[in-house]
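Notes for the structure review
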Amino acid sequence: MPSLLEVRDLVTRFYSEGAVIHAVNGVSFSLDTGASMAIVGESGSGKSVTVMSLMRLVRFPPGRIEGGEVIFEERDLLRLSEEEMRRIRGNRIAMIFQDPMTSLNPVLSIGLQMTEGLRAHLGLGERAARDRAAEMLSLVGLPRPKERLDDYPHQFSGGQRQRIMIALALSCNPALLIADEPTTALDVTVQAQIVELIQGLREKLGMAVIWISHNLGLVAGVVDKVAVMYGGHIVEQSPVDELYEHPRHPYTLGLLKAIPKMDGRDQGRLFSIDGMPPDLRRPPESCPFAPRCIYAVDRCRQALPPLDELGAGQSVRCWRADEVAALNVAGAMR
Amino acid sequence: MTTYILRRLLVSIPILLGITVIVFFVASKMPGDAVLAMISTETPQAEDLIKLRRGQLGLDLPLYVQYGRWLWQLLQGNLGYSFQTGESVIDILLARIPATLQLMGTALLIAIVLGVAMGVVSALKQYSRTDYTFTFLGFAGISIPDFFLGMVLVYLLAIQWPLFPTSGISTAGEPYSLVDNLRHLALPALALGLVRTATFMRYTRTSVLEVMNNDYVRTARAKGLSEWLVVVRHILRNALIPVVTVIGLTLPVLFGGSVIIEMIFQWPGIGLMFIGAVTARDSPVIMGYVLFSAVMVQASNLLTDMAYSFLDPRIRYD
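Right, let's walk through the structure included here.

Once that is clear, we can look at the side chain of T204 of chain B. Among the secondary structure elements, T204 of chain B is positioned in helix α8 (residues 178-212). When near neighbours in sequence (up to four residues on either side) are disregarded, T204 of chain B contacts G115, V116, G119, V120 and V243 of chain B.

Next up on the list: the sheet that holds strand β5 (residues 75-76) of chain A. All names here are of chain A. The four strands lie next to each other as β2-β1-β4-β5, forming an open sheet whose pairing is antiparallel. Here the strands that pair on one side only, and so sit at the sheet edges, are β2 (19-31) and β5. When strand β1 (residues 5-16) meets β2, the two strands line up antiparallel, connected through ten bridges. Note that in β2 the partner of L5 across the bridge is L31.

The next subject is the sheet that holds strand β6 (residues 93-96) of chain A. Residue and element names in this part refer to chain A. The eight strands are arranged β6-β7-β8-β3-β9-β10-β12-β11 in an open sheet whose pairing can be described as mixed. Edge positions in the sheet fall to β6 and β11 (308-311), since each has one partner strand and no second. Recorded for the sheet is a direction-independent mean angle of 20 degrees between the axes of neighbouring strands. Inspection of the sheet shows β6 paired to strand β7 (residues 176-180) by four bridges, in the parallel sense. Across the sheet, A94 pairs through a bridge with L177, a residue of β7. Sheet contacts for helix α1 (residues 47-54): β3 (36-40), β6, β7, β8 (208-213) and β9 (225-230); angle to β8, the most-contacted strand, approximately 145 degrees. Against the sheet, helix α8 (residues 188-205) contacts β3, β6, β7 and β8, and its axis sits at roughly 160 degrees relative to β8.

On to unusual backbone geometry. In terms of backbone geometry, most residues other than glycine have negative phi values and most peptide bonds are trans. The backbone of N173 of chain A sits at a positive phi, close to 60 degrees, despite the residue not being glycine. Counting through the fold element by element, N173 of chain A comes out in the loop between α7 (158-170) and β7. What makes N173 of chain A partly exposed here is its relative accessible area of 41%. The phi dihedral of R281 of chain B is positive, around 55 degrees, even though this residue is not glycine.

We now examine the side chain of R317 of chain A. Residues and elements named next belong to chain A. Mapped onto the secondary structure, R317 falls in the loop between β12 (314-316) and α12 (321-327). An unpaired buried charge is present at R317: no salt bridge exists, and D9, the closest side chain of opposite charge, is 6.9 Å distant. A distance of 3.2 Å separates the side chain of R317 from the backbone oxygen of I234, its partner in a polar contact. In contact with R317, other than residues within four places in its own chain, are G26, H233, I234, V235, H249, L304, P305, P306 and L307.

It is worth spelling out the environment of R316 of chain B at this point. Residues and elements named next belong to chain B. Along the polypeptide, R316 turns up in the segment after α12 (283-311). Look at R316 and you get exposed, because its relative accessible area is 52%. In this structure, the C-alpha to C-alpha distance between R316 and W70, residues 246 residues apart in sequence, is 39 Å.

It is worth spelling out the pattern of salt bridges at this point. Oppositely charged side chains are able to pair whenever their charged atoms sit close together. Applying the stated criterion to the full structure yields 28 salt bridges over all chains. In this structure, the salt-bridge partner of E66 of chain A is R13 of chain A, at a minimum N-O distance of 3.1 Å. Linking E66 of chain A in strand β4 (residues 63-72) with R13 of chain A in strand β1, this pair joins segments that are 53 residues apart in sequence. Take E66 of chain A: its relative accessible area is 30%, and that puts it in the partly exposed class. Residue class for R13 of chain A comes out partly exposed when judged on its relative accessible area of 25%. Linking E116 of chain A and K223 of chain B is a salt bridge whose minimum nitrogen-to-oxygen distance equals 2.6 Å.

Criteria and thresholds
Residues numbered from 1 in each chain as written. Chains lettered and ligands numbered in written order. Predicted model: local features only at pLDDT ≥ 70, side-chain atom pairs only at ≥ 80, totals over all residues. Heavy atoms only, no water. Helix = DSSP H or I, 4+ residues; strand = E, 2+ residues; numbered from the N terminus. Contact = heavy atoms within 4.5 Å. Pairing = 2+ DSSP bridges. Axes fitted to C-alpha atoms, helices over the stretch in contact; angles between N-to-C directions. Buried < 20%, exposed > 50% of the residue type's maximum accessible area, 1.4 Å probe, protein only. Lys, Arg positive; Asp, Glu negative; His and termini not counted. Salt bridge = Lys/Arg side-chain N within 4 Å of Asp/Glu carboxyl O. Polar contact = N/O pair within 3.5 Å; in protein donor to acceptor, adjacent residues only side chain to side chain.

What follows is the structure, encoded as structure tokens:
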């Protein structure tokens, strides 16, 4: 059975004030129907631009998708007309965003914002669309959904608004949901609720989910596999357990070490990776992580390592992956 | 809402009173008076005549008494009588207000429709040739005074290419026809409207650019809405909120502008009447004009605030 989504060699660049920003530099991954994965990495690693490119929501100017293929339900999205793409957005692929406080239009009622997609994609009438919207709101656990359709975003709390965004995104029964850091702007207590809500709905509705996050810990329990991005590349991709047990890339190691431990073994100090992320206006020809990598040797500063397939769905982009793995025997860094 | 409107109306009473007091006393400091404007000092027994006439018009009374009499009349619904013609000021105003409203309304309509449309296009096509052209025209429009633009329009569209008449509201001696009226309206309305078009366009452009980058616009696109819906429903609705303020603040300026434009184009509205009244020191007419324009400005401010709460559900008055 072909995958639901197959991304091959995706390249997206931004053109700004004479500079070219190499945001996504040949990213490839695939996702099966109903499966879930996480794309993790720090700010500026290219994870958000990657998923915005899938939806073709990168605006030109300044951004442009310059190469690659995005095969979704056996069609290359990058070759569709704008009109065909519009019929996929919000319908087959839906998205929820980081900040629920700003993602809803402040001057339009929740009902209008929820029904406009339903009417455009499913051709529902006003009445039917409102019924469907209310049904979705109750699915995400919003009390008195029917009455609240006429309320405006400012009459809801942050957590409620993210629930509304989720209801909105799922209302057309998408095959793929992209969740771009949906919990970052929320209270810690609400974060777990939102993750659980999306996970529960995924099982119920059978859709695939791509989580974008910089928090490996938060999504670990709900995804099948993880892609780690750095400097516009996927540097490691792996089934989630394998990633935790046998991280291969030094950057992944660093990310895992940076998760706070609850037993005090980190003695009150959080681990952090020294140095700065690469300047994507002048992307290095070599391994982008080399300047910050404690394992770097001359070779790392000379050429970009290829993405090595290690079998069992694991791949890594590092010249010294085997040695790094050997130096960090399972669990040693925990 | 009703309480809010009532409160605003009550507050506007002292404001209107204050305006009339200031204008009354400042206008009285103008050199000469209505009688001197009427009676030449060359006339035999000029002095006696002047004294007699001043007495008849009440101009020999102390200023505060004159103001008091005007105010007392006003409370009885009477704005007094023109010193020049003896006509009731209310009748004069009523006869001329429609012409001014037609001119101002058309100018405002031109400015809003053209200005908002050009501003939106300019913003959506930022840094394109269209944007640069509109920006250039915008700065030109903001920099040109409306009376000068009026003269340029007369030169181009009435003298070089005689398309439109240059004065009056309709052709004298012919029965009224709408087409004829609109042809007369074209030049003054354009002169008054185009300058405001430039202002509205610049504000709309800035506002749309700001709104365009909001997260909710991205959400709207991610829903798969047509670009038209994204622009009109999600961008424009939000972008217009600050533009409404500017439109509201423009009404008073438009009143001032229409005085000069009415004079250039001999448009028989209250602006032209006002100029005549000032020259003749016809203070009842001056006061009538001032009171009417002050009421209009107050009303436009209130309407602007009402428009906010209509456009933005976060704003509620109670």
